[in-house]
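Listed below, chain by chain, are the residues.
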Amino acid sequence: PGQYTFSGPGGPDAGSFSGTINVAQDFQWTNRSDHTVVDRTQPLTINWSGGEATTLVTIQGQSFDPSNPNAVAGFFCYANNSDGSFTVPVSILQQLQPSPAQQIGNISIVTRGTLGVSNVGKVVRIQASGLDYFAASNQWTTTQSAQFK
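Residues numbered from 1 in each chain as written. Predicted model: local features only at pLDDT ≥ 70, side-chain atom pairs only at ≥ 80, totals over all residues. Heavy atoms only, no water.

K.L.:
Tell me what's going on with the overall build of the protein chain, and back it up with residues and numbers.
P.N.:
When helices and strands are counted, the protein chain shows one helix and 14 strands. Relative to the compact-globule value of 15 Å for 149 residues, the protein chain shows a C-alpha radius of gyration of 20 Å, a clear excess of over 25%. Dimensions along the principal axes, computed over C-alpha positions, put the protein chain at roughly 60 × 35 × 30 Å. Sorting the 149 residues of the protein chain into buried and exposed places 35% on the buried side. (Helix = DSSP H or I, 4+ residues; strand = E, 2+ residues; numbered from the N terminus. Rg over C-alpha atoms; globule rule 2.2 N^0.38 Å. Buried < 20%, exposed > 50% of the residue type's maximum accessible area, 1.4 Å probe, protein only.)

What follows is the structure, encoded as C-alpha cells:
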C-alpha cells in the first residue's frame, strides 16, 4: 500500500511520461482455505477484505476432464469490493465438470480445476505524446487448485 511515482523517457513513438498511483491496502481472500474442495450442490461463498473499495472483485472458476477435450467449463462473477462477500449460486457451479479421479495402482489421481479471486486498483490515466491512451493500475490475484465434486 502507498503512493508510487514512476516516469520514463519515452522513445521514438511515444513521448516521456510520469505519473503517480495510490495503491490501497492489500486485498485478501479471507476464506481461501475453505475452498480446496467445492461441493457443486451447495452455494459457494467467497469472502475478502482490503483492496480498492470502489472497484469490482472478480471470482472465477474452471474445471475440465482431460479425457474429453470438449469437457471444459468456467465462470466469472463480479461483485462490488465494498460488499466483502459474494455467493456463487448452485446453478452456476452445476455447469462445471466434476473433477475426475483415476486409480493408478495404489495412487488416486484427481484432476483439479482452479478457483480464483482478484481485485483491480483504480486506473490512473497518464499523458504521453504519441499515445491515444496510457494508464496505470495495480491488481491483486489469488488462484488455487480446487476439486469440484
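K.L.:
Please give an account of the nonpolar core that cites residues and values.
P.N.:
Core analysis: the biggest nonpolar cluster contains 22 residues, and Ile46, Ile59, Phe75 and Leu115 have the highest contact counts within it. For this core, the elements supplying multiple residues, two or more each, are strand S5 (44–49), strand S6 (56–64), strand S7 (72–80), strand S11 (113–120) and strand S14 (139–148). Sorting elements by how many residues they give to this core places S7 first, with four residues. When near neighbours in sequence (up to four residues on either side) are disregarded, leucine 115 contacts Trp29, His35, Val38, Leu44, Ile46, Gln60, Gly61, Phe75, Thr142, Thr143, Gln144 and Ala146. (Core = buried A, V, L, I, M, F, W, Y, C linked by side-chain atoms within 4.5 Å. Contact = heavy atoms within 4.5 Å.)

K.L.:
Would you mind going over the sheet that holds strand S8 (residues 85–88) in detail, with residue names and values included?
P.N.:
Remark on secondary structure: sheet strands pair via backbone hydrogen bonds, oriented parallel or antiparallel. What the three strands build is an open sheet, ordered S3-S5-S8; its pairing is antiparallel. Pairing within the sheet leaves two strands with one partner each, and these edge strands are strand S3 (28–29) and S8. (Pairing = 2+ DSSP bridges.)

K.L.:
Let's hear about the sheet that holds S14: which residues, and what values?
P.N.:
Taken in spatial order, the five strands line up as S4-S14-S11-S6-S7 in an open sheet, and their pairing is mixed. A single partner strand is all that each edge strand has here, and the edge strands are strand S4 (37–38) and S7. Sheet topology note: the S6/S11 ladder contains six bridges and is antiparallel. Residue glutamine 60 lies in a different strand from S11, and its bridge partner there is glycine 116.

K.L.:
Lay out the packing of aromatic side chains in plain terms, naming residues and giving numbers.
P.N.:
Counted by the stated rule, this structure contains two aromatic pairs. Geometrically, the ring pair formed by phenylalanine 17 and phenylalanine 134 is edge-to-face, given 5.0 Å between the ring centres and 85 degrees between the ring planes. Note that phenylalanine 17 is positioned in strand S2 (residues 17–23) and phenylalanine 134 in the loop between strand S12 (124–125) and strand S13 (135–136), a separation of 117 residues in sequence. A residue is classified by how much of its surface remains accessible, and phenylalanine 17, at 24% relative accessible area, is partly exposed. With relative accessibility at 23%, the residue phenylalanine 134 sits in the partly exposed group. (Phe/Tyr/Trp six-rings, centres within 6.5 Å; stacked < 30°, edge-to-face > 60°.)

K.L.:
Give me the lowdown on the pairing of strand S9 (residues 101–104), citing residues and values where you can.
P.N.:
In terms of strand pairing, S9 meets strand S10 (residues 107–110) through four bridges, oriented antiparallel. The residue bridging glutamine 102 from the neighbouring strand is isoleucine 109, located in S10. Here S9 folds back onto S10, and the loop between the two strands holds two residues, one of which, glycine 105, carries a positive phi near 65 degrees.

K.L.:
Now, about a nonpolar patch on the surface: what can you tell me, with residues and values included?
P.N.:
Together, Leu56, Phe76 and Tyr78 line one region of the surface with nonpolar side chains, adding up to about 360 Å² of accessible area. The residue leucine 56 is located in strand S6 in this model. Exposure remark for leucine 56: the relative accessible area of 46% places this residue in the partly exposed category. (Patch = residues over 30% accessible without salt bridge, like charges linked within 9 Å, V, L, I, M, F, W, Y side chains within 5 Å. Areas by Shrake-Rupley, 256 points an atom, 1.4 Å probe, with all protein chains shown as cover. Salt bridge = Lys/Arg side-chain N within 4 Å of Asp/Glu carboxyl O.)

K.L.:
Talk me through the side chain of serine 63; I want residue IDs and the actual numbers.
P.N.:
Its location among the elements puts serine 63 in strand S6. On the basis of relative accessibility, which here comes to 1%, the residue serine 63 falls in the buried class. Separated by 2.7 Å, the side chain of serine 63 and the backbone nitrogen of glutamine 97 make a polar contact. The residues contacting serine 63, other than those within four sequence positions of it, are Ala71, Val72, Ala73, Leu96, Gln97, Gly113 and Phe148. (Polar contact = N/O pair within 3.5 Å; in protein donor to acceptor, adjacent residues only side chain to side chain.)

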